[in-house]
Amino acid sequence: MTTLITLIVAAVTFGTVLMYGTLGEILTEKTGNLNLGVEGIMYMGGAFGLAGAFYYEKAVGSDAASGFVAIVLAILCAFASGAFASLIYSFLTITLRANQNVTGLALSIFGTGVGQFVGEFMRVSEGGYVALGNGLKDAFSATIFPDFLINIPIIGRILFSHTVFFYLAVVLAIAMHLFLKKTRAGMYLRAVGESPATSDAAGINITKYKYLGTIIGGGISAIGGMVYIMTTAGCVWNHEGLSGVGWLAVALVIFCIWRPLNAIWGSVLFGAMMIMYLRVSIPFIPTEIYKILPYIVTVIVLIFTSMKSGRDKQPPLSLGVNYFREER
């Protein structure tokens, strides 16, 4: 039982990173934009999020630094970096109508390079080591619940021992679900992703919803990169730690069939599959088999959903297709 609980807690920790990346990409794809640059966006979020907290602590001093302020700054810096990267993607694909697949791949390379540059610049300028002080490390890794809840047998650690970022991600998933299903703006955004020509004819501002959905979605995905650096990597810059995480988030979008609520349990499941080799090691199964399990499961889900006729289990109809108003 102890091993199982430990596995679940570790899966939630890694799954939180994936949840932000997935939720951001779901919002982006709901507008009809297929942004394959999530990998680069998350690298930028990790580097700029750490930079925001690191330089804040350096400016005010370790003793005076507030954990709450550091967390807010890290989130804002990460979100801003992801939003900026997505703005570039939006300008190229929405305004200039560049190919979405090629642009997304280019953004992945560009974002990874920018994130690596910022991280290495901080490391070199600080003499080879970039990390937050112990006080801020504790703030980023602490849970928001009291000890008596965490000490409840079995369910205590599973439900109440996680960082604030997990609970914020759950709230974000619920809010995104309600926004897409219950609000006029959310229905307009989904309509743009399904049929931009029909939406345009109905008077919906296609450009506005595509830009906002893609930019905000990119900002949310970038927060996932920051969460990885601040929790899993221990508030220390790791230039290889985020490798492959963005692509895993894109795969998880398909697994979740473009539903924000599914991202809650789907990200934890993917997190468990990714770290299972560390907790439940089987001697005759190579580590690489564990690591490709999420992709295998995604392919199986994609096959089964493709055989379904219901529109609720399919991607937006205009996903990956640029809208040319002249062809309406």
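Placed above this text is the structure.
Residues numbered from 1 in each chain as written. Predicted model: local features only at pLDDT ≥ 70, side-chain atom pairs only at ≥ 80, totals over all residues. Heavy atoms only, no water.

Q: What should I look at first to understand the overall build of the protein in this one?
A: Of the regular secondary structure elements, the protein holds 14 helices and zero strands. Written out in order from the N terminus, the α and β elements of the protein read α-α-α-α-α-α-α-α-α-α-α-α-α-α. Its C-alpha radius of gyration of 20 Å places the protein within 12% of the 20 Å reference for a compact globule of 328 residues. By the burial criterion, 49% of the 328 residues in the protein qualify as buried. Pairs at least 24 residues apart make up 77% of the contacts formed inside the protein by residues separated by at least 6 positions. Of the accessible surface of the protein, which amounts to about 15,000 Å², a share of 68% is contributed by carbon and sulfur atoms. (Helix = DSSP H or I, 4+ residues; strand = E, 2+ residues; numbered from the N terminus. Rg over C-alpha atoms; globule rule 2.2 N^0.38 Å. Buried < 20%, exposed > 50% of the residue type's maximum accessible area, 1.4 Å probe, protein only. Contact = heavy atoms within 4.5 Å. Areas by Shrake-Rupley, 256 points an atom, 1.4 Å probe, with all protein chains shown as cover.)

Q: Help me out: how do you make sense of the packing of aromatic side chains in this one?
A: Two measures describe an aromatic ring pair: the distance that separates the ring centres and the angle between the ring planes. Tallying each qualifying case throughout the model produces nine aromatic pairs. For the ring pair Phe 255 and Trp 265, a centre distance of 5.6 Å and an interplane angle of 65 degrees mean the geometry is edge-to-face. Residue Phe 255 is found in helix 12 (residues 245-255), and its partner Trp 265 is found in helix 13 (residues 262-279); the two are separated by 10 residues along the sequence. Relative accessible area serves as the criterion here: at 46%, Trp 265 is assigned to the partly exposed category. Here a set of aromatic residues connected by ring pairs shows up, and it is made of Phe 145, Phe 160, Phe 166 and Tyr 167. (Phe/Tyr/Trp six-rings, centres within 6.5 Å; stacked < 30°, edge-to-face > 60°.)

Q: What's the story with helix 3 (residues 67-95) in this structure? I'm lost.
A: In an α-helix, one full turn covers 3.6 residues, which means residues spaced three or four apart are oriented alike. Taking 1.5 Å of rise per residue, 29 residues should cover 42 Å, and helix 3 covers 40 Å from first to last C-alpha, within 8% of that figure. Looking at where helix 3 begins, the residue whose side-chain oxygen comes 3.4 Å from the main-chain nitrogen of Phe 68 is Ser 66. (Expected span 1.5 Å × (residues − 1). Polar contact = N/O pair within 3.5 Å; in protein donor to acceptor, adjacent residues only side chain to side chain.)

Q: What is the right way to look at the packing of helix 3 against helix 4 (residues 100-125) in this model?
A: A pair of packed helices is characterised by two quantities: the angle between their axes and the separation of those axes. Where helix 3 meets helix 4, the closest approach of the two axes is 10 Å, and the angle between their N-to-C directions is 155 degrees. Considering the angle they form, helix 3 stands roughly antiparallel to helix 4. When the axes of helix 3 and helix 4 are compared, the crossing they make is right-handed. Packed against helix 3, whose contacting residues are Ala 85, Ile 88, Tyr 89, Leu 92 and Thr 93, the element helix 4 presents Gln 100, Thr 103, Gly 104, Leu 107 and Phe 110 at the interface. In terms of residue class, the contact of helix 3 with helix 4 is built from six nonpolar, four polar and no charged. (Axes fitted to C-alpha atoms, helices over the stretch in contact; angles between N-to-C directions. Parallel < 35°, antiparallel > 145°, perpendicular 65-115°, else oblique. Left-handed = near helix turned anticlockwise from the far one by under 90°. Nonpolar A, V, L, I, M, F, W, Y, C, P; charged D, E, K, R; others polar.)

Q: For this particular structure, what's the right way to read a nonpolar patch on the surface?
A: On the surface, Leu 105, Trp 247, Ile 289, Ile 292, Tyr 295, Ile 296, Val 299, Ile 300, Ile 303, Phe 304 and Met 307 cluster together into a nonpolar patch covering about 1,000 Å² of accessible area. Sort the elements by how many residues they give to the nonpolar patch and helix 14 (residues 287-306) lands first, with eight residues. Within the fold, Ile 289 resides in helix 14. (Patch = residues over 30% accessible without salt bridge, like charges linked within 9 Å, V, L, I, M, F, W, Y side chains within 5 Å. Salt bridge = Lys/Arg side-chain N within 4 Å of Asp/Glu carboxyl O.)

Q: Looking at this structure, I do not really get the pattern of salt bridges. What am I missing?
A: One side chain can pair with another of opposite charge once the charged atoms of both are near each other. The full count for this structure, using the stated rule, is two salt bridges. A salt bridge links Lys 58 to Glu 126; its shortest N-O distance comes to 2.6 Å. Of this pair, Lys 58 sits in helix 2 (residues 38-60) while Glu 126 sits in the loop between helix 4 and helix 5 (134-141), and the two are 68 residues apart along the sequence. What makes Lys 58 exposed here is its relative accessible area of 52%. Take Glu 126: its relative accessible area is 27%, and that puts it in the partly exposed class. For Arg 123, the salt bridge identified is with Glu 120, shortest N-O distance 2.8 Å. Residue Arg 123 and its partner Glu 120 are located together in helix 4, separated by three residues, close to a single helical turn.

Q: It is not clear to me how unusual backbone geometry should be interpreted in this structure. Could you clarify?
A: A negative phi angle characterises most non-glycine residues, just as the trans form characterises most peptide bonds. Notably, Ile 154 is not glycine yet its phi reads approximately 65 degrees, a positive angle. Mapped onto the secondary structure, Ile 154 falls in the loop between helix 6 (147-150) and helix 7 (155-160). Backbone geometry at Ile 257 places phi at a positive 45 degrees, although glycine is not the residue there. If you trace the backbone, Ile 257 turns up in the loop between helix 12 and helix 13.

Q: What's the story with the packing of helix 1 (residues 2-30) against helix 8 (residues 164-182) in this structure? I'm lost.
A: Contact pair helix 1 / helix 8: the axes reach a minimum separation of 9 Å and the direction vectors enclose 25 degrees. Here helix 8 runs roughly parallel to helix 1, going by the angle between their axes. Crossing hand, helix 1 versus helix 8: left-handed. Contacts between helix 1 and helix 8 involve Val 12, Thr 16, Met 19, Tyr 20, Leu 23, Leu 27 and Lys 30 on the former and, on the latter, Phe 165, Phe 166, Leu 168, Ala 169, Val 170, Leu 172, Ala 173, Met 176 and Leu 180. Class assignment for the residues of the contact of helix 1 with helix 8 results in 14 nonpolar, one polar and one charged.

Q: Mind showing me how you'd approach the nonpolar core here?
A: Side chains of a nonpolar character, in soluble globular proteins, are inclined to be buried together. Within the largest apolar cluster, 75 residues are counted, with the highest numbers of intra-cluster contacts made by Phe 14, Leu 50, Leu 132, Phe 140, Phe 165, Met 226 and Met 230. Sequence-distant contacts of Phe 140, that is, excluding residues within four places in its chain, are made with Ala 53, Ala 70, Ile 71, Ala 74, Leu 132, Thr 163, Phe 165, Met 226, Met 230, Thr 231 and Cys 235. Among the nonpolar cores identified, the runner-up in size contains six residues, and Ile 41, Met 44, Tyr 89 and Leu 107 belong to it. (Core = buried A, V, L, I, M, F, W, Y, C linked by side-chain atoms within 4.5 Å.)

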